[in-house]
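What follows is each chain in one-letter form.
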Amino acid sequence: MPDQETRPTIHIPGATSHTIAPRGGPPNREGTLRYLKAGTGAPLVLLHTVRTQAEHFRFLIPLISDRYTVYALDLPGMGYSEIVSGASYDEPAMRAGVERLLTELDLRDVTMVGESLGAVLALTTAADLPERVRRVVAVNAYDFRDGIARSSLLARLVVSGVLTPGVGPVIAGVEPKPVLRRVLQGGLGDRTALRADYVDELLQVGSHPGYPTVARAVYQSLPSLIAARSRYREVRAPIHLVYGEKDWSRRSDREANKELLPAAEFTQVPGTGHFIALERPGVLADLLNAVA
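Residues numbered from 1 in each chain as written. Predicted model: local features only at pLDDT ≥ 70, side-chain atom pairs only at ≥ 80, totals over all residues. Heavy atoms only, no water.

## Things to note about the sheet that holds strand β6 (residues 133–139)
Here is step 1 of the chain: Reading across the sheet, the eight strands line up as β1-β2-β4-β3-β5-β6-β7-β8 and stay open at both edges, with mixed pairing between neighbours. Edge strands, defined here as strands with exactly one partner in the open sheet, are β1 (16–20) and β8 (265–269). For this sheet, the mean inter-axis angle between neighbouring strands, taken without regard to orientation, is 20°.
Here is step 2 of the chain: Pairing analysis gives four bridges linking β6 to strand β7 (residues 239–244), with the strands arranged parallel. (Pairing = 2+ DSSP bridges. Helix = DSSP H or I, 4+ residues; strand = E, 2+ residues; numbered from the N terminus. Axes fitted to C-alpha atoms, helices over the stretch in contact; angles between N-to-C directions.)

Next comes the structure, spelled out in structure tokens:
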């Protein structure tokens, strides 16, 4: 079960916390999933970024909950979802967690909204479950070489250390607050958008037993996220690609996805980085509310 010793330190008005139990049957690498629910209307699923959790959408949820019933998932092993020993955190395994949310709650006519890692999973889930997904909004898809290591020299050093055989697990378990703050700020055009209480919440989750193993596995999963691009063309639902002007992706990465998905809408948000949900939640809310 998820760690019962700690609770989220951030409260989102109107949002309630829920869980989905693992399905039975050996071998069982599933854990309990936690999600936040808020609002009324057609279902909208929010999928968070690398090294974050459902509270990543703390400012977006209140802006869209008048138009949608919002489900913000803690991806497997992250946030307050259960950490299962030996579980995989490659793209297919994380996608299976997202699909559990849709199937266990029998969600249909769903708008899938993901940022970063979540954007890739929103697209591949839509490819797998076309009968359930109405639309996909993919924000700063994390499907390019080097990923967060492009953020800054510090981020490159941290990720390189975490991935190094032998010492990697030790480095993954050491996460000083100033280092985490600076790495995350590298994903922002406006660094003041990273609130101190959010960093504290992420550090609290990072202290859960087994979390360093999850964090390292997620960084190791980047090749599977890049490979997942091959599934994008299978998506039948309308797609909107959204990128921050200062996102870690390069122009060539964005153009490659535009060419892969020629029918998709495309928006670039001026001045923003990788974490648009933190910097400019109003931009995403306006986009989503306009098509509710």
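## Some thoughts on the packing of aromatic side chains
Here is step 1 of the chain: Evaluated as defined, the whole model comprises four aromatic pairs.
Here is step 2 of the chain: Look at Tyr35 and Tyr71: their rings are 6.0 Å apart centre to centre, the planes differ by 45°, and that puts the pair in the tilted class. In this pair, Tyr35 sits in strand β2 (residues 33–39) while Tyr71 sits in strand β4 (residues 68–73), placing the two residues 36 residues apart along the sequence. By the burial criterion, Tyr35 is buried, and Tyr71 matches it.
Here is step 3 of the chain: Stacked on the ring of Phe266, the Lys or Arg Lys258 has its end atom at 4.3 Å from the ring centre. (Phe/Tyr/Trp six-rings, centres within 6.5 Å; stacked < 30°, edge-to-face > 60°. Buried < 20%, exposed > 50% of the residue type's maximum accessible area, 1.4 Å probe, protein only. Lys NZ or Arg CZ within 6 Å of the ring centre and 35° of its normal.)

## Here we look at the pattern of salt bridges
Here is step 1 of the chain: A full pass over the atoms with the stated rule returns 17 salt bridges.
Here is step 2 of the chain: The shortest N-O distance in the salt bridge between Glu30 and Arg23 comes to 2.3 Å.
Here is step 3 of the chain: Of the residues examined, Glu30 reaches a relative accessible area of 21% and is grouped as partly exposed.
Here is step 4 of the chain: Measuring nitrogen to oxygen at the nearest pair gives 3.0 Å for the salt bridge that ties Arg132 to Asp106. Residue Arg132 is found in the loop between α3 (117–128) and β6, and its partner Asp106 is found in the loop between α2 (91–104) and β5 (110–115); the two are separated by 26 residues along the sequence. (Salt bridge = Lys/Arg side-chain N within 4 Å of Asp/Glu carboxyl O.)

## As for the pairing of β6
Here is step 1 of the chain: In terms of residue burial, β6 counts as a mostly covered element, since six of its seven residues are buried.
Here is step 2 of the chain: With six bridges joining them, β5 and β6 adopt parallel strand pairing. When the sheet's bridge partners are listed, Glu115 is paired in β6 with Val139.
Here is step 3 of the chain: Read as a crossover between parallel neighbours, the route from β5 over α3 to β6 is right-handed. (Right-handed = clockwise from strand over helix to strand, strands pointing away.)

## Observations regarding the side chain of Ser249
Here is step 1 of the chain: Its place among the elements puts Ser249 in the loop between β7 and α10 (251–260).
Here is step 2 of the chain: Only 2.5 Å separates the side chain of Ser249 from the side chain of Asp247, close enough to count as a polar contact.
Here is step 3 of the chain: Not counting residues up to four positions away in its chain, the partners in contact with Ser249 are Phe144, Arg150, Tyr243 and Arg254. (Polar contact = N/O pair within 3.5 Å; in protein donor to acceptor, adjacent residues only side chain to side chain. Contact = heavy atoms within 4.5 Å.)

## Digging into the nonpolar core
Here is step 1 of the chain: Val45, Leu47, Leu102, Met112 and Val136 are the most contacted members of the largest nonpolar core, which has 73 residues in total.
Here is step 2 of the chain: Top element by residues in this core is α3. It accounts for eight residues.
Here is step 3 of the chain: Of all hydrophobic cores here, the second largest spans 25 residues; its members include Ile12, Ile64, Val139 and Leu284. (Core = buried A, V, L, I, M, F, W, Y, C linked by side-chain atoms within 4.5 Å.)

## Concerning the pairing of β8
Here is step 1 of the chain: Pairing of β7 with β8, which is carried by five bridges, proceeds in the parallel orientation. Bridged to Tyr243 within β8 is Gln268.
Here is step 2 of the chain: For the crossover from β7 across α10 to β8, the handedness is right-handed.

## Quick notes on α2
Quick reminder: α-helices carry 3.6 residues per turn. Residues three or four places apart thus point the same way.
Here is step 1 of the chain: Across its 14 residues, α2 extends 20 Å between first and last C-alpha, which sits within 8% of the 20 Å expected from 1.5 Å per residue.
Here is step 2 of the chain: Within α2 the residues assigned to the buried category are Glu91, Met94, Arg95, Gly97, Val98, Glu99, Arg100, Leu101 and Leu102. (Expected span 1.5 Å × (residues − 1).)

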